[in-house]
Amino acid sequence: MTVIVFASSKGGAGKTTACRLLAGEFARQGKKKNIQISLIDADPNQHSAKWAKMDGCPSNINLIQNSSEESILDDIDDAEESSAFVLVDLEGTASMTVAHAISRADLVIAMSQPSEDDEDELIKTIKLIRRQEKALGRPIPHSVLISRTNAAFLTRMHKAILNDMKENDVDVFECTLNERAAFKAIRTYGGIVHDLDPKQVSGVKNASINVEKFAEEVKRKLKANMVSNEERSLAHA
Amino acid sequence: MPSTREVKHFIDDDIDLEDIISKPKTRKRSSVERELIEEAAHVSNFPSREPVKKKIRKKSPYINQKNIKMRFGMSELLADLTKHLGFSSDQETIEVALGALIDKKGLTSIKEQYLNLINS
């Protein structure tokens, strides 16, 4: 029932990686309570779907593949009926599919690498969200997540993006997704980061912490949005 | 004693997933909302990437040509009649007229041939 959309009109911004990581982490945290997660793959390359079909993928992740412009709204609505969380991995292009998915989101995670080209596309995506908010007359919560960062230091470009977002009142995740072998390894070995064998993959522990921090911040943002929605409803009443 | 020490970290994750599941939405899809979303998408350069469906022109059943000479003004009369009767073409008017003539003269064997042609 909570819809999280990963958006960027550029490929390679980290949407699929972030989507897989969050799906895996939410599935891990919700396993005992049988909380179901739907993963909608609306990217024609179907990389999220390939991971979800591998051995080791948590059993409480339900995959919906080959979602398209025509089917995306139905796919989200159907997934909302069967799952507590719906995660949508979109194609890295500026398309109507992105626009439709954003319109259903409880949280849009707009992705960007610390690069000029990525930031240009990030701005394009945020402009779309803001136009939709205006047209629909309701807020569409969105935050920027910077991916493929260096864990040791902030690059000049990374600082520049943070500054640009601050100047334009755009919320940015405190955490970033670092460039990590473990994030790529889940596509090779299947499953989630916590299940990787540290003998096979380096930096599993730090990668696990990175994912937990990301998931914690997503939850915090969703909680804050719920509170402001309730306050808005009360004000309307 | 374990060979490696457990790393302590500072993540204050006290939010249960159950606490952030939003209530079922009552939002209903409307064509107005769809139009607004699509308009915002167009302005933002997020166009449709669906393959454009080719418009296939309906094949005309009138493919055999018969040139007949008419009295002066008959061609215009036929056009006026077609317009008056609300038919889509002069061919249709002629076909209906032929059908009516066959009925009036009671030509049952030709009627069958006529219907076969019309319905094919």
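In what follows, the accompanying structure is described. Every chain's residues receive numbers from 1 upward, in the order its sequence appears when written. Chains carry letters and ligands carry numbers; both start at the beginning, A for chains and 1 for ligands, and go up in the order they are written. Side-chain atom pairs in this predicted model are given and counted only at pLDDT of 80 or more, local residue features only at pLDDT of at least 70, and totals for whole chains, interfaces and linings cover all residues.

## Some points on the environment of Met165(A)
Residues and elements named next belong to chain A.
Link 1 in the chain: Numbered from the N terminus, helices here are DSSP runs of H or I no shorter than four residues, and strands are runs of E no shorter than two. The residue Met165 is located in helix H6 (residues 156-167) in this model.
Link 2 in the chain: For Met165 and Ile123, which are 42 residues apart along the polypeptide, the C-alpha to C-alpha distance reads 9.0 Å.
Link 3 in the chain: Two residues qualify as being in contact provided that their C-beta atoms, derived from the backbone, are within 7 Å of each other. Those residues in contact with Met165 that sit more than four places away from it in its chain are Val144, Val170 and Val172.

## A short note on the interface of chain B and chain A
Interface size is commonly expressed as the accessible surface area that is lost when the partners come together.
Link 1 in the chain: Counting residues at the interface gives 29 residues for chain B, matched by 37 residues for chain A.
Link 2 in the chain: Of the residues belonging to the side of chain B that touches chain A, the class tally is 14 nonpolar, five polar and 10 charged. When residue character is reported, Ala, Val, Leu, Ile, Met, Phe, Trp, Tyr, Cys and Pro are called nonpolar, Asp, Glu, Lys and Arg charged, and the others, Gly included, polar.

## Digging into unusual backbone geometry
Link 1 in the chain: If you check the backbone angles, Asp169(A) has positive phi at about 55° while not being a glycine.
Link 2 in the chain: Within the secondary structure, Asp169(A) sits in the loop between H6 and strand S7 (177-178).

## Considering the sheet that holds strand S2 (residues 37-42) of chain A
Across a sheet, strands are paired by hydrogen bonds formed along the backbone, either parallel or antiparallel in direction.
Residues and elements named next belong to chain A.
Link 1 in the chain: Here, a strand pair is defined by DSSP locating no fewer than two bridges between the strands. Within the open sheet, the seven strands sit side by side as S3-S2-S4-S1-S5-S6-S7. Their pairing is parallel. Each having just a single partner strand, strand S3 (61-64) and S7 make up the two edges of the open sheet.
Link 2 in the chain: Inspection of the sheet shows strand S5 (residues 107-112) paired to strand S6 (residues 142-149) by five bridges, in the parallel sense. In the strand pairing of S6, Met111 is matched with Leu145.

## Brief notes about the packing of helix H1 (residues 15-30) of chain A against helix H8 (residues 204-236) of chain A
All names here are of chain A.
Link 1 in the chain: Between H1 and H8, the least distance of the axes is 10 Å, while the angle of their chain directions is 80°. The pairing of H1 with H8 is recorded here as roughly perpendicular in orientation. Packed against H1, whose contacting residues are Leu21, Leu22, Glu25 and Phe26, the element H8 presents Val211, Glu212, Phe214, Ala215 and Val218 at the interface.
Link 2 in the chain: Here the residues of the contact of H1 with H8 are counted per class, giving seven nonpolar, no polar and two charged. In this analysis, axes come from line fits to C-alpha atoms, helices being fitted only over the stretch in contact, and the angle between any two N-to-C directions falls in the range 0 to 180 degrees. If an angle is under 35 degrees, it is roughly parallel; if it is over 145, roughly antiparallel; if it lies from 65 to 115, roughly perpendicular; otherwise it is oblique.

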